[in-house]
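Observations on chain architecture
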Amino acid sequence: MLGPILMDMQQKPAELRRTYGRIDIPTSHWMAPPCYPYGMTSSFLIRFRPTPLHGDAPVQYVLLAALLVFSDKAPAQELLTTLFQQPIPNVPWLAVLLSLVVVTLFAIRFKLQLRNEAARLKQLESEAAEEKNRLNAILSNAGVGIMLADRYARHVDVNRRWCKIFGYRRSEVRGKLSIRSIAHPDESVALGEHFSALLAGEIRSHTHERRFLRKDGTVFWGLISTSTVKNAAGEHMWVVGMITDIDEQKRIEEALRESEERLRFITENTHDVVWQLDRELRFTYINGADERMRGYAREEIIGRSFKDTITPTGYPIVDQAMQRRHNQAARETGMGAESFEVEMICKDGNLLWVEINSTPIHDKSGQIVGYIGVTRDATQRHETHEKLREQTIRDPLTGLFNRRFLDESLERELSRAKRDNLPMSLLMIDIDRFKSLNDTYGHQAGDEVIRCLGELIRNGARSADLPCRYGGEEFLLVLPNMTLETAAERAQRWRIAFAQQKICFGDISLSATFSVGVAAYPEHGDSSEALIRAADQALYTAKHSGRNRVVVAP
């Protein structure tokens with residue numbers, strides 16, 4: 001019983017009272033009132049029950065003495081005397097026993113404290129070692145070079161990556177190598193001032209690009225991020241820096257910059273207009289060639305729609321090009337440069353034929369987000385092309401369309417008449433007695449008569465009409481959206497005007513007449529062959545009916 005109670009006596013008085021409530025110690029009589037030992041409060045009450053002293057009394061004294069020892073109260077002898085109001089029996093062995101018990105208890109308590117403290121220190125050392133190992137693993141295997149510098153700009157320590165970047169061994173750096181030793185000569189002063197500003201507290205942290213020197217003297221670009229470490233007093237004592245080798249990145253950036261400069265030089269000095277459009281066909285970039293070609297300054301074009309720069313005749317051409325792009329994208333076919341010609345509007349109001357070459361710009365999902373292109377002045381080429389085209393589709397003597405063009409155009413006009421439910425008429429014209437005129441006055445005189453008739457027809461035709469020299473002295477006119485009766489009336493006016501015309505050929509004044517056969521869609525057929533055949537049959541009738549007349553096909 002004594003052991004557990006003595007151990008519990010190490011608790012505070014209040015805790016002891018909560019544990020045991022009260023301690024009853026037998027004495028020879030009741031004490032009235034209850035006694036409170038020196039230094040004890042009312043929360044710690046020891047009540048003595050009257051009982052005669054006998055052989056167990058020493059145990060009671062030991063218990064009380066131990067209680068007093070662990071409670072750090074008055075000496076046991078004085079306290080016991082006060083409690084019992086009588087001298088303690090002179091028992092020498094009791095004093096020895098009390099001393100042994102007290103010393104033993106103190107030894108046990110001290111040993112337990114030492115054991116607990118040793119266990120706690122061992123746990124702390126284990127946790128510190130584990131934390132140190134983790135930190136060393138992180139620093140050693142970090143992908144960036146890490147350094148710690150002191151207030152004198154000397155390297156206190158570096159990690160493995162730092163050594164690999166700069167080519168030093170760790171032993172060559174720690175406490176020996178200064179910050180300025182690794183900086184490029186042009187960067188040395190600036191880097192030193194930067195460290196001074198950090199340690200002075202003027203800046204907290206900073207990231208910038210600088211040139212550094214490796215151990216072998218080679219120069220490289222590095223990205224360094226620095227911050228400070230304070231001591232317990234709050235003073236900036238060390239600088240921590242993380243360095244990344246960005247030399248390859250800088251070379252790529254420099255090559256890209258040089259490439260962009262070359263491209264800018266080329267685009268700004270070329271004669272062709274280089275431009276870029278967004279998804280809505282608005283200009284986002286255009287070079288200076290447009291101002292040289294059309295007179296518009298760059299700021300007058302940026303933000304405007306591409307269609308604002310061309311004539312309305314070019315709208316269908318642009319729409320067709322866009323539709324082709326859409327169809328190609330739908331079929332997932334390759335989309336190269338699209339080329340077409342349109343008329344562009346110059347600042348002074350003149351028109352300019354240009355050739356457009358454009359290529360779409362795609363985003364990551366494959367959607368078209370804009371266009372880049374080149375505009376080239378094509379005026380001279382267009383004029384040359386038009387001249388060549390005119391030569392291929394027009395008769396050189398009369399200036400009217402030739403039969404080749406008629407074959408290409410008649411089907412198209414007939415299809416339009418069918419689609420829009422519109423009339424279309426044909427006039428087949430032939431000069432009367434042309435062979436006799438040629439035989440009498442020669443071929444040159446015959447050519448002059450043909451030329452004059454061609455001029456009469458060309459001047460009297462509408463812009464939508466297709467007047468053609470069909471062959472020899474024959475002419476065929478396609479008259480879209482014109483009824484049979486109107487076509488016959490027009491043929492009559494031309495016939496009369498030509499018969500009244502005097503054709504000068506040298507000193508000779510010539511005159512001639514022509515006969516006309518008239519046919520129309522849908523009255524005489526729904527194919528080009530049927531209509532030509534009907535008009536030719538009507539002309540044959542006019543020829544054999546006395547010539548110089550207009551005959552409508554039956």
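Residues numbered from 1 in each chain as written. Predicted model: local features only at pLDDT ≥ 70, side-chain atom pairs only at ≥ 80, totals over all residues. Heavy atoms only, no water.

**Here's the deal with helix α15 (residues 403–420)**
Taking 1.5 Å of rise per residue, the 18 residues of α15 would be expected to cover 26 Å, and the 25 Å separating its terminal C-alpha atoms lies within 8% of that figure. Of all the bends in α15, the greatest, near 30°, is centred on Ser-409. Listed in full, the buried residues belonging to α15 are Phe-405, Leu-406, Ser-409, Leu-410, Glu-413, Leu-414 and Ala-417. Those residues of α15 that are buried are in contact with α14 (379–393), β13 (424–431), β14 (466–471), β15 (474–480), β18 (514–521) and α19 (528–543). (Helix = DSSP H or I, 4+ residues; strand = E, 2+ residues; numbered from the N terminus. Expected span 1.5 Å × (residues − 1). Bend = angle between axes of the 7 residues up to and from the residue. Buried < 20%, exposed > 50% of the residue type's maximum accessible area, 1.4 Å probe, protein only. Contact = heavy atoms within 4.5 Å.)

**Brief notes about the packing of helix α16 (residues 434–441) against helix α17 (residues 443–460)**
Taken N-terminus to C-terminus, the directions of α16 and α17 make an angle of 135°; their axes are 6 Å apart at the nearest point. With respect to each other, α16 and α17 are oriented oblique. The residues of α17 that touch α16, namely those facing Phe-434, Leu-437, Asn-438 and Tyr-441, are His-443, Ala-445, Gly-446, Val-449 and Ile-450. Counted by class, the contact of α16 with α17 contains six nonpolar, three polar and no charged residues. (Axes fitted to C-alpha atoms, helices over the stretch in contact; angles between N-to-C directions. Parallel < 35°, antiparallel > 145°, perpendicular 65-115°, else oblique. Nonpolar A, V, L, I, M, F, W, Y, C, P; charged D, E, K, R; others polar.)

**What about the sheet that holds β13?**
With mixed pairing, the five strands of this open sheet are ordered in space as β14-β15-β13-β18-β19. Every interior strand has two partners, whereas the edge strands, β14 and β19 (550–552), have only one. Taken over all neighbouring pairs, the strand axes of this sheet differ in orientation by 20° on average, direction set aside. The sheet strands contacting α15 are β13, β14, β15 and β18, and the helix crosses β14 at an angle near 135°. (Pairing = 2+ DSSP bridges.)

**A look at the pattern of salt bridges**
Using the criterion set out here, one finds 34 salt bridges in the structure. Where Arg-251 meets Glu-248, a salt bridge forms, and the shortest distance between an N and an O atom there is 2.5 Å. Of this pair, Arg-251 and Glu-248 both sit in helix α10 (residues 247–269), three residues apart, roughly one helical turn. Relative accessible area serves as the criterion here: at 47%, Arg-251 is assigned to the partly exposed category. Assessed through its relative accessible area of 46%, Glu-248 is described here as partly exposed. (Salt bridge = Lys/Arg side-chain N within 4 Å of Asp/Glu carboxyl O.)

**Some words on the packing of α17 against helix α18 (residues 484–500)**
A packed helix pair is summarised by two numbers, namely the angle formed by the two axes and the spacing between the axes. Two elements in contact, α17 and α18, have axes whose closest approach is 11 Å; the angle formed by their N-to-C orientations is 140°. As the angle between them shows, α17 and α18 are arranged oblique. The handedness of the crossing between α17 and α18 is right-handed. Between α17, through Val-449, Leu-453, Leu-456, Ile-457 and Gly-460, and α18, the contact on the second element is made entirely by Arg-490, Trp-494, Ala-497 and Phe-498. When grouped by side-chain class, the residues that make up the contact of α17 with α18 number seven nonpolar, one polar and one charged. (Left-handed = near helix turned anticlockwise from the far one by under 90°.)

**Details of unusual backbone geometry**
That bond from Tyr-521 to Pro-522 is cis: its omega, 10°, falls within 30 degrees of zero. Residue placement: Pro-522 occurs in the loop between β18 and α19. In the Ramachandran plot, Ala-153 falls in the positive-phi region, its phi being about 65° despite a non-glycine side chain. By secondary structure assignment, the location of Ala-153 is in the loop between β3 (145–149) and β4 (155–158). Phi is positive for Arg-433, close to 50°, though the residue is something other than glycine.

No statement about biological role is implied by the geometric values presented.
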